[in-house]
Amino acid sequence: MKKLLVLSLMASFLLVFSALESKAVLQTDTTVSADDINFTEIGSAEDSAANNLTKDTVAKDTVVKTAAPATAVTAVNASSDQKTLWQTFIAGLIGGFAAFLMPCIFPMVPLTVSYFTKRAGSRGKGIGQAMIYGLSIIVIYVALGLLITVIFGSAKLNALSSSGTFNFLFFLLLVVFAISFFGAFEITLPSRFVNRVDAKADTSKGLGGIFFMAASLALVSFSCTGPIIGTLLVEASSKGALLGPAVGMFGFALALALPFTLSAIFPGFLSSMPKSGGWLNSVKVCLGFLELALALKFLSAADLVWHWNWFDREIFLVLWIVIFTLMGFYILGKIKFSHDSDVPFVSVPRLFFAMASLAFALYMVPGLWGAPLKVLSGLAPPFNTQDFILSNATAAASADKSFPAKVKYSDSDLHPPLNFNAFFDLDEGVAYAKLVNKPILIDFTGWACVNCRRMEDNIWVDNKVGDIIRKEYVLIQLYVDERKVKMPADKIHYSEVLRRKTDDLGYWNSDFQATRYNSNSQPFYVLADHNLNAMVQPQGAIFDVAEYAAYLQSGVDKFKAGQ
């Protein structure tokens with residue numbers, strides 16, 4: 001049983017890294033908000049964009065003339081929000097099961113269940129108290145998630161994923177968590193506060209005493225669960241969903257409470273659980289390696305947002321290769337930390353864990369020379385940061401002689417995906433589309449948008465999709481979180497949606513997306529004619545090559561039919 005539990009844990013965490021930016025393939029990132037942006041619900045009576053569609057807030061000298069219908073787009077946003085909450089819940093479950101296997105919690109299960117049985121006087125009453133104990137754990141952690149939402153609000157949560165400052169702080173935070181898991185120190189709460197809650201649990205009777213017992217568990221085990229909770233809250237907050245932190249904490253608490261409740265209801269479950277031992281600390285250290293690897297994702301996002309241009313794809317991959325190689329050696333007992341027990345021999349589970357970790361490290365090696373590494377799409381920096389690509393299989397960018405050798409903002413570190421040509425200014429792109437008589441693919445994207453990179457690295461690289469974009473469309477990429485490019489005075493206007501002036505390119509693009517297409521999520525693809533009217537229903541991320549190619553082709557057919 002012990003081996004199965006550890007194997008399940010490690011397998012789950014290795015798998016979750018392949019989808020962590022979204023943790024569900026169909027997630028849509030929301031990356032448009034800044035510190036003072038306050039989006040209301042699209043389509044609601046309070047929605048300023050919906051109420052002011054006839055009052056165009058975009059500068060009059062732009063190509064925008066009319067507002068587009070918003071009903072179809074609203075459905076896309078509602079669906080993506082639902083998927084985001086589901087993936088946050090699943091991530092919380094995984095985190096909760098991981099926390100249960102930590103040395104601060106796992107040994108407490110038999111003690112807690114035995115206490116309930118003795119205190120209640122009968123097995124039936126003990127089961128009831130154990131269930132209340134589990135519900136109390138859920139209430140405590142869900143309340144923590146709701147507190148995060150109340151403190152930050154929806155606008156602040158949206159801002160997390162697109163802010164370089166927050167991403168860099170998240171990087172530092174996760175590094176601290178990793179070091180804590182390695183055993184350098186423990187993250188604990190003030191002892192006076194913990195002792196007071198513990199004393200309250202001893203003196204209180206009835207439901208109050210059980211609740212304080214659950215609170216005491218949460219506080220005493222904080223040194224082990226704190227980094228996991230922090231990571232979950234960081235991830236849930238950066239997705240932009242208003243209830244994301246609460247839903248993530250619900251999944252975490254549910255997974256944490258189930259073993260306590262099941263052990264009271266089914267005594268056989270308790271007797272079949274493995275005994276505590278050094279393997280618990282091994283799980284903790286392995287989680288430290290995973291925390292360290294995840295931290296680099298946030299450092300990469302900060303690098304992209306701030307245009308440092310030094311943390312490129314090769315550096316990211318080298319560090320991940322080193323991390324997972326070291327984790328493989330640690331599992332084999334070749335590396336030992338201060339709290340580790342001796343490993344006299346390599347057990348079968350350890351062998352398989354080491355093989356998985358080392359194999360994953362070897363899998364990433366070809367990426368140093370430009371291999372796609374689709375498992376890491378959205379986590380690793382984009383291909384256009386790769387300094388050296390040894391490949392002749394990728395399609396070349398469009399050889400259209402009429403495409404400008406230099407486009408607006410290209411000298412401001414705005415670059416198209418590898419092997420594509422793109423405009424970054426709406427007016428310039430529309431003018432070129434009219435010149436070559438092609439439809440327009442407007443790609444609302446962001447530097448820290450995980451699914452934007454997943455689409456580019458997984459879907460756009462397919463020749464079927466890439467050829468349609470290169471040959472049939474004029475690609476205009478509008479970054480909604482570009483802060484360094486300042487807008488000229490004649491383009492700056494007050495946005496009723498953003499509730500601020502559009503003084504940089506990101507704010508201008510954000511306002512255009514919200515007021516024109518009634519959406520604030522990325523990636524968001526609009527197949528438009530030369531008047532910027534959507535020819536078919538705009539879409540978010542579509543992680544199926546055939547489906548996305550069919551979507552692009554429908555726009556081409558619609559454009560040609562209207563000629």
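Residues numbered from 1 in each chain as written. Predicted model: local features only at pLDDT ≥ 70, side-chain atom pairs only at ≥ 80, totals over all residues. Heavy atoms only, no water.

1. Structural notes on the overall build of the protein
- Per the secondary structure count, the protein includes 19 helices and five strands.
- Counting all 563 residues of the protein, 56% fall into the buried class.
- The long-range share in the protein, meaning contacts at least 24 apart out of those at least 6 apart in sequence, stands at 76%.
- In the structure as shown, the protein presents an accessible area of about 23,100 Å², 64% of it carried by carbon and sulfur atoms. (Helix = DSSP H or I, 4+ residues; strand = E, 2+ residues; numbered from the N terminus. Buried < 20%, exposed > 50% of the residue type's maximum accessible area, 1.4 Å probe, protein only. Contact = heavy atoms within 4.5 Å. Areas by Shrake-Rupley, 256 points an atom, 1.4 Å probe, with all protein chains shown as cover.)

2. Some remarks on the environment of A541
- Here A541 lies in the loop between strand 5 (524-528) and helix 19 (545-561).
- C-alpha of A541 to C-alpha of F524: the two residues are 17 residues apart in sequence and 7.1 Å apart in space.

3. Quick look at the nonpolar core
- The biggest cluster of nonpolar side chains holds 76 residues, and the ones touching the most others in it are I137, Y141, I228, F252, W320, F324 and L376.
- With 14 residues, the top contributor of residues to this core is helix 12 (residues 278-306).
- If sequence neighbours within four positions are ignored, F252 has contacts with G92, L93, G95, G96, A99, Y141, T225, I228, I229 and L232.
- Of all hydrophobic cores here, the second largest spans 56 residues; its members include V430, Y432, M455 and L475. (Core = buried A, V, L, I, M, F, W, Y, C linked by side-chain atoms within 4.5 Å.)

4. Observations concerning unusual backbone geometry
- In this chain, Q522 is followed by P523 through a cis amide linkage whose omega measures -5 degrees.
- With respect to the helices and strands, P523 occurs in the loop between helix 18 (505-517) and strand 5.
- Even without glycine at this site, H307 takes up a positive phi of about 60 degrees.
- Along the chain, the position of H307 falls in the loop between helix 12 and helix 13 (313-331).
- The exposure class of H307 is buried, given its relative accessible area of 8%.
- A positive phi angle is found at N518, which is not glycine, with a value near 55 degrees.
- As for its placement among the helices and strands, N518 is situated in the loop between helix 18 and strand 5.

5. Focus: the state of the cysteines
- The full count for this structure, using the stated rule, is one disulfide.
- Sulfur-sulfur distance for the disulfide between C449 and C452 comes to 2.1 Å. The sign of the S-S torsion, about 80 degrees, decides the handedness of the disulfide formed by C449 and C452: right-handed.
- Owing to a relative accessible area of 1%, C449 belongs among the buried residues under this scheme. (Disulfide = S-S within 2.5 Å.)

6. Things to note about the pairing of strand 1 (residues 440-445)
- A large share of strand 1 lies buried, amounting to six of its six residues.
- Alternating residues of strand 1 divide into I440, I442 and F444 and L441, D443 and T445, and every residue in both groups is buried.
- For strand 1 and strand 2 (residues 474-479), the ladder comprises six bridges, and the chain directions are parallel. Its bridge partner being in strand 2, I442 is matched across the sheet by I476.
- Examined bridge by bridge, strand 1 and strand 5 share five bridges and lie antiparallel to one another. Within strand 5, the residue paired with L441 across the bridge is L527. (Pairing = 2+ DSSP bridges.)

7. Topic: the sheet that holds strand 1
- Reading across from one edge, 2-1-5 is the order of the three strands in this open sheet, with mixed pairing throughout. The sheet terminates laterally at strand 2 and strand 5, the two strands that pair on one side only. Pairwise comparison of adjacent strand axes, ignoring direction, gives a mean angle of 20 degrees for this sheet.
- Contacts from helix 16 (residues 450-459) reach strand 1, strand 2 and strand 5 within the one sheet, and its direction differs from that of strand 1 by about 135 degrees. (Axes fitted to C-alpha atoms, helices over the stretch in contact; angles between N-to-C directions.)

8. Focus: a nonpolar patch on the surface
- A cluster of nonpolar side chains, contributed by V346, V348, L351, F352 and M355, occupies part of the molecular surface with about 460 Å² of accessible area.
- Within the secondary structure layout, M355 lies in helix 14 (residues 348-364). (Patch = residues over 30% accessible without salt bridge, like charges linked within 9 Å, V, L, I, M, F, W, Y side chains within 5 Å. Salt bridge = Lys/Arg side-chain N within 4 Å of Asp/Glu carboxyl O.)

9. Digging into the pattern of salt bridges
- The final tally for this structure, using the stated rule, is nine salt bridges.
- Linking D411 and K406 is a salt bridge whose minimum nitrogen-to-oxygen distance equals 4.0 Å.
- Exposure remark for D411: the relative accessible area of 58% places this residue in the exposed category.
- Between D503 and R500 there is a salt bridge; the shortest N-O distance is 2.9 Å.

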